[in-house]
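Structure assessment
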Amino acid sequence: MDRLESMAAFVAVAERGGFTPASRHLGMPVPSLSRKVSELEAHLQVRLLIRSTRLTLPTEAGQRFLIIARRLLEEVAEAERSILADTPPMRGELLVSAPPALGREHLAPLLAEFLQAYPDVSVRLLLTERLVNLAEEEVDVGLRIGAVSEPGLVALPLGVVRRITCASPAYLAARGVPGEPAALAGHEGVTLTDEPPSAPWEYGSQRVALRSRLAVSHAAAAVAAAVGGAGITRALCFEVAEAVAAGRLVVLLRAFEPPPMPLQLVYPRGRHVPRKCSAFIDFIQPRLPPRLIVADG
């Protein structure tokens, strides 16, 4: 638990009378905000807030802690201002690599916030499916899905990414809902062109070959085709999050999903990490994972 972050969450909720206005103020999802306050209460072993449907108010202990937390946060902010006053402005260009869908839909909006926070830093975002050699291409920070084996890289875990099987409600209404991987054999698939046409889909020890009537070169096109009813497709959770949330795609075979893959921030190993890289990592690390959550549809 990050105590300062949890205290800031508690103070925001207490001062604004609820989790929703505090969420808007901090730019943090309500579930994350609620979790941080609950962790703080568990750590202190005391109830800090009285939660109701209309208003959230501090308890008697919460009122006392609110005064202490405000003072501590002010002191920390003052210490940071004092250090920054003696530190040269952070400036320079930052080169970041990421998979296309992840970078376009989830990282790019956060980059806009990062640039506002650091006006003297510029960013170049390289979106590519290939494995980028950070040292050779002078990339400062990369987003990676899957295990990182290069010895010259430091990997910071952000969470995990699920590979989801899904189809549109219209397709499922017409063709039926597969209840187990073996049932996929009677369905039509939307696949990627970089996969062999006869490559089976793996669900643990089960391997199922689908009839692929449509193969596309980009995951976004596969998702769009599945939304249109062309068949069943597999995609990473962040590639289908919006369509699942909107009810345009339904998640299938959740119990048979392959193990999730790690999502990591990577950067070259060295004695000194440039301040612009450290700032970017510290900014992105707590903000990106909540954007990648997708509910079962």
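First, a word on what this report is: a plain description of the structure on this page. (Residues numbered from 1 in each chain as written. Predicted model: local features only at pLDDT ≥ 70, side-chain atom pairs only at ≥ 80, totals over all residues. Heavy atoms only, no water.)

1. A short note on the pattern of salt bridges
What the rule picks out here adds up to 15 salt bridges. Between Arg70 and Glu15 there is a salt bridge whose closest N-O contact spans 2.8 Å. With Arg70 in helix α4 (residues 60-85) and Glu15 in helix α1 (residues 3-16), this pair connects stretches of sequence that are 55 residues apart. Owing to a relative accessible area of 39%, Arg70 belongs among the partly exposed residues under this scheme. Classification of Glu15 as partly exposed rests on a relative accessible area of 42%. We note a salt bridge from Arg130 to Glu137, for which the minimum N-O separation is 2.8 Å. You can call Glu137 partly exposed: its relative accessible area is 29%. Members of the salt-bridge network, linked through shared partners, are Arg175, Glu188, Arg211 and Arg213. (Salt bridge = Lys/Arg side-chain N within 4 Å of Asp/Glu carboxyl O. Helix = DSSP H or I, 4+ residues; strand = E, 2+ residues; numbered from the N terminus. Buried < 20%, exposed > 50% of the residue type's maximum accessible area, 1.4 Å probe, protein only.)

2. Notes on the packing of aromatic side chains
Summed over all chains, the structure comprises 4 aromatic pairs. When the centroid spacing of 5.7 Å and the interplanar angle of 50° are considered together, the rings of Phe10 and Phe65 count as tilted. Separated by 55 residues along the polypeptide, Phe10 in helix α1 and Phe65 in helix α4 bring together distant segments of the chain. Here Phe10 matches Phe65 in class, with each residue buried. When the centroid spacing of 5.6 Å and the interplanar angle of 70° are considered together, the rings of Phe114 and Phe283 count as edge-to-face. Here Phe283 lies in helix α10 (residues 275-284) and Phe114 lies in helix α5 (residues 100-117), a separation of 169 residues in the sequence. Judged on exposure class, the residue Phe114 and its partner Phe283 are both buried. Put simply, the rings of Phe114, Tyr118, Phe280 and Phe283 pair up and form one aromatic cluster. Taking the ring centre of Phe283 as reference, the NZ or CZ of Arg287 above it sits at 3.9 Å. (Phe/Tyr/Trp six-rings, centres within 6.5 Å; stacked < 30°, edge-to-face > 60°. Lys NZ or Arg CZ within 6 Å of the ring centre and 35° of its normal.)

3. Here we look at the sheet that holds strand β4 (residues 121-127)
Where strands meet in a sheet, backbone hydrogen bonds hold them as pairs that are either parallel or antiparallel. Taken together, the 5 strands give an open sheet; going across it, the order is β4-β3-β5-β14-β6, and neighbouring strands pair in mixed fashion. The outermost strands of the open sheet, each flanked by one partner alone, are β4 and β6 (153-161). Across this sheet, the average inter-strand angle for adjacent strands is 20°, counted without regard to direction. Bridge analysis of β6 against strand β14 (residues 261-268) gives 8 bridges, and the strand direction is antiparallel. (Pairing = 2+ DSSP bridges. Axes fitted to C-alpha atoms, helices over the stretch in contact; angles between N-to-C directions.)

4. Here's the deal with the nonpolar core
Counting residues in each nonpolar core, the largest one holds 39 residues, and the members touching the most others are Leu107, Leu143, Val240, Leu249, Leu265, Phe280 and Ile284. Excluding residues within four positions of it along the chain, Leu107 makes contact with Val96, Ala98, Leu102, Leu125, Leu143, Phe280, Ile284 and Leu288. Of all hydrophobic cores here, the second largest spans 18 residues; its members include Phe19, Met28, Leu40 and Leu66. (Core = buried A, V, L, I, M, F, W, Y, C linked by side-chain atoms within 4.5 Å. Contact = heavy atoms within 4.5 Å.)

5. So, the sheet that holds strand β13 (residues 250-252)
With mixed pairing, the 5 strands of this open sheet are ordered in space as β11-β8-β12-β7-β13. Both outer strands of the open sheet, β11 (211-216) and β13, are each paired with one neighbouring strand and no more. Neighbour to neighbour, the strand axes of the sheet diverge by 40° on average, direction disregarded. One ladder, built from 4 bridges, connects strand β7 (residues 163-167) with strand β12 (residues 232-236); its direction is antiparallel. In the sheet register, Cys166 faces β12, and the bridge partner there is Thr233. Taken strand by strand, helix α8 (residues 219-227) contacts β8 (188-192), β11 and β12, and its axis lies near 160° from that of β8. Each of β7, β12 and β13 touches helix α9 (residues 237-245); the most contacted strand, β12, lies at about 120° to it.

6. A word on the packing of α5 against α10
Across the interface, α5 lies against α10 with an axial gap of 11 Å and an inter-helix angle of 125°. The pairing of α5 with α10 is recorded here as oblique in orientation. As α5 runs across α10, the sense of the crossing is right-handed. Where α5 approaches α10, its residues Leu107, Leu110, Leu111, Glu113, Phe114 and Ala117 are matched on the opposing element by Lys276, Ala279, Phe280, Phe283 and Ile284. (Parallel < 35°, antiparallel > 145°, perpendicular 65-115°, else oblique. Left-handed = near helix turned anticlockwise from the far one by under 90°.)

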